[in-house]
Amino acid sequence: MPNFFQQFLNQVGSGYKEADKRLGGWLPGGGTASPVTAKFQRALAEPRSQLLPAAKPFTRIAGANPLSPAINSKTGQITPEASEMLRQMGSSATVTQNINETNPIAILGQYLGYSGAAHANPLKNQIYLPGGMNNLTVLAHEAGHLDKKRRADNRPIFEGILGQAIDTPATLIKKITGGEFSPLAQPLAPFRLAGGLATALSDAKEEDYAERFAEDATKSMLEKAAAHMPGDPKGGFLYPKLLYQRGQESFSEGVQDLLNPPIAKAAGNAIQFMQNQIQEALPKPPSLFEDVPNLRLQQMAIEADLDYRQELKENPNSLLLPRLQKIKEDYAQATKARGLN
């Protein structure tokens, strides 16, 4: 027999959803995002940048491949292939492997988890390539950070590291001062909020642009397209995705730390721990009563009854009373089933 009530609900539900869709998403719970909701969803979505066409088509660089060095390890000078790559990109950036030639922020970054990371410095029009990243693929990526000609939007401040520059020190301080229970967690929360949001929406978008720039340049200049990190323009690149997730997590932790101070967390966890210990110490009713001899079962029933009565007398409002009463009733039923009452 068909469930007419369920069919009615389905028809009403589909009609409501259709009405919500036609009204532009303003009905609550209709399933269609309102213009306001959609705007927020677009603003907070994983960012994608737009790469404008190059002024001139790139041409193949003879003998160059994605892993060809950008700096000659013996002379310390930029290689002819790297020079040609920068020329075609329209970049006049200098390239160095000496961290001390960069800037104080980059030098400090070595102690904040960015050791051995390549970067571009727009203030000095400079690209830093450490030994492990000395290749044309990374050079193309970092040149993308310095590029202004092919951007649909303006380049973000600090070459897309503003969010990380705020969030990374705050995260490190929280970690070394107690992590989740750090007394500084709440004061650091505004930095986690701002840094996380900027990391997810600004830093990640800048890295996405640099990856697209590198992929587009290398597919023509080198023997094959190569990005600094795995991925592709259509599905997105790995590093921007990781930055976006990292920013989301930092923002979420910032909200939690702001609304739930670490002292409250510690107190709540301590209370829960004590309650668990008390529960573990309580007598447990046997799961298989047939394994318990009659005399022992009677003794356990009497002990359970005494435990309940004593707790009720000493502390009428005890939170343990419901559990003690349940244990007493379980043993009473077991003895009654055997005719031992």
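Since the model is a prediction, treat every value here as computed from it, not as a measurement.

Novice: Please explain the packing of helix α6 (residues 162-176) against helix α7 (residues 185-221) as it appears in this structure.
Specialist: Each packed pair of helices is defined by two parameters, the angle between the axes and the distance between the axes. Their axes nearest at 7 Å, the elements α6 and α7 cross at an angle of 145°. For the pair α6 and α7, the crossing hand works out as left-handed. Across the interface between the two elements, Leu 162, Gly 163, Gln 164, Ile 166, Asp 167, Ala 170, Thr 171, Ile 173 and Lys 174 from α6 touch Ala 185, Leu 188, Phe 191, Arg 192, Gly 195, Gly 196, Ala 198, Thr 199 and Asp 203 from α7.

Novice: Sorry, what's going on with the side chain of Asp 147 here?
Specialist: Among the secondary structure elements, Asp 147 is positioned in the loop between α5 (136-146) and α6. Despite its burial, Asp 147 pairs with no opposite charge; the closest candidate is Arg 151, at 4.9 Å N-O. At 3.4 Å, the side chain of Asp 147 forms a polar contact with the backbone nitrogen of Lys 149. A polar side-chain atom of Asp 147 sits 2.5 Å from a polar atom in the side chain of Tyr 209. Contacts of Asp 147, omitting those with residues within four sequence positions, involve Arg 155, Tyr 209 and Phe 213.

Novice: Can you walk me through the nonpolar core in this structure?
Specialist: Nonpolar side chains in soluble globular proteins tend to be buried together. Met 85, Met 89, Ile 127, Leu 129, Leu 136, Leu 139 and Met 221 are the most contacted members of the largest nonpolar core, which has 27 residues in total. Those elements giving two or more residues to this core turn out to be α3 (80-89), α5 and α7. In terms of residues, this core owes the most to one element, α5, which gives six residues. Apart from the residues lying within four places of it in its own chain, the contact partners of Met 85 are Ile 61, Leu 136, Leu 139, Ala 140, Thr 218, Met 221 and Leu 222. Core analysis: the second largest hydrophobic core is formed by eight residues, Val 292, Ala 301, Ile 327 and Ala 334 among them.

Novice: How should I be thinking about the layout of surface pockets in this particular structure?
Specialist: The gaps left among the atoms become clear once a water-sized probe is rolled over them. Roughly 300 Å³ of internal volume is contained in the second largest pocket. If you trace the second largest pocket, you find 15 residues lining it, with Ala 55, Lys 56, Gln 88, Met 89 and Gly 90 closest to the centre. The element that contributes the greatest number of residues to the lining of the second largest pocket is α3, accounting for three residues. Residue composition of the lining of the second largest pocket, by class: seven nonpolar, three polar and five charged.

Novice: I tried to follow the packing of aromatic side chains on my own but got confused; where do I start?
Specialist: Here the distance between the centres and the angle between the planes together describe a pair of aromatic rings. One pass over the structure, following the stated rule, counts one aromatic pair. Their ring planes at 35° and their centres at 6.2 Å tell us that Tyr 209 and Phe 213 sit as a pair that is tilted. Pair noted here: Tyr 209 and Phe 213 are both in helix α7, with a separation of four residues, about one helical turn. Take Tyr 209 and Phe 213: they sit in the same class, and that class is buried. Here the guanidinium or amino end of Lys 328 rests over the ring plane of Tyr 308, the centre of that ring lying 5.4 Å away.

Novice: Looking at this structure, how should I read the pattern of salt bridges?
Specialist: Between side chains of opposite charge, a pair can form when the charged atoms approach closely. Enumeration according to the criterion identifies 11 salt bridges in this entry. With a shortest N-O distance of 2.7 Å, Asp 208 and Arg 212 are connected by a salt bridge. Of this pair, Asp 208 and Arg 212 are both found in helix α7, four residues apart, which corresponds to roughly one turn of the helix. Residue classification places Arg 212 among the buried positions, given a relative accessible area of 11%. Taken together, the salt bridges that share partners define one network made up of Asp 167, Lys 174, Arg 192, Glu 253 and Asp 257.

Novice: What is the right way to read the packing of α6 against helix α8 (residues 238-259) from this model?
Specialist: Contact geometry for α6 and α8: axes closest at 11 Å, N-to-C directions at 55°. Taken together, the axis directions place α6 and α8 in an arrangement best described as oblique. Classified by chirality, the crossing of α8 by α6 is left-handed. For the pair α6 and α8, contact is made by Gln 164, Asp 167, Thr 168 and Lys 174 and by Tyr 239, Leu 243, Arg 246, Ser 250, Glu 253 and Asp 257, respectively. Per-class residue counts for the contact of α6 with α8 are two nonpolar, three polar and five charged.

Cut-off values and rules
Residues numbered from 1 in each chain as written. Predicted model: local features only at pLDDT ≥ 70, side-chain atom pairs only at ≥ 80, totals over all residues. Heavy atoms only, no water. Axes fitted to C-alpha atoms, helices over the stretch in contact; angles between N-to-C directions. Helix = DSSP H or I, 4+ residues; strand = E, 2+ residues; numbered from the N terminus. Left-handed = near helix turned anticlockwise from the far one by under 90°. Contact = heavy atoms within 4.5 Å. Buried < 20%, exposed > 50% of the residue type's maximum accessible area, 1.4 Å probe, protein only. Lys, Arg positive; Asp, Glu negative; His and termini not counted. Salt bridge = Lys/Arg side-chain N within 4 Å of Asp/Glu carboxyl O. Polar contact = N/O pair within 3.5 Å; in protein donor to acceptor, adjacent residues only side chain to side chain. Core = buried A, V, L, I, M, F, W, Y, C linked by side-chain atoms within 4.5 Å. 1 Å grid on protein atoms, 1.4 Å probe; cavity = no way out; pocket = protein on both sides within 12 Å on 5 of 7 lines; lining within 4 Å. Points joined across faces, edges and corners; volume = space filled by probe spheres on them. Nonpolar A, V, L, I, M, F, W, Y, C, P; charged D, E, K, R; others polar. Phe/Tyr/Trp six-rings, centres within 6.5 Å; stacked < 30°, edge-to-face > 60°. Lys NZ or Arg CZ within 6 Å of the ring centre and 35° of its normal. Parallel < 35°, antiparallel > 145°, perpendicular 65-115°, else oblique.

Just geometry here; none of it tells us what the structure is for.
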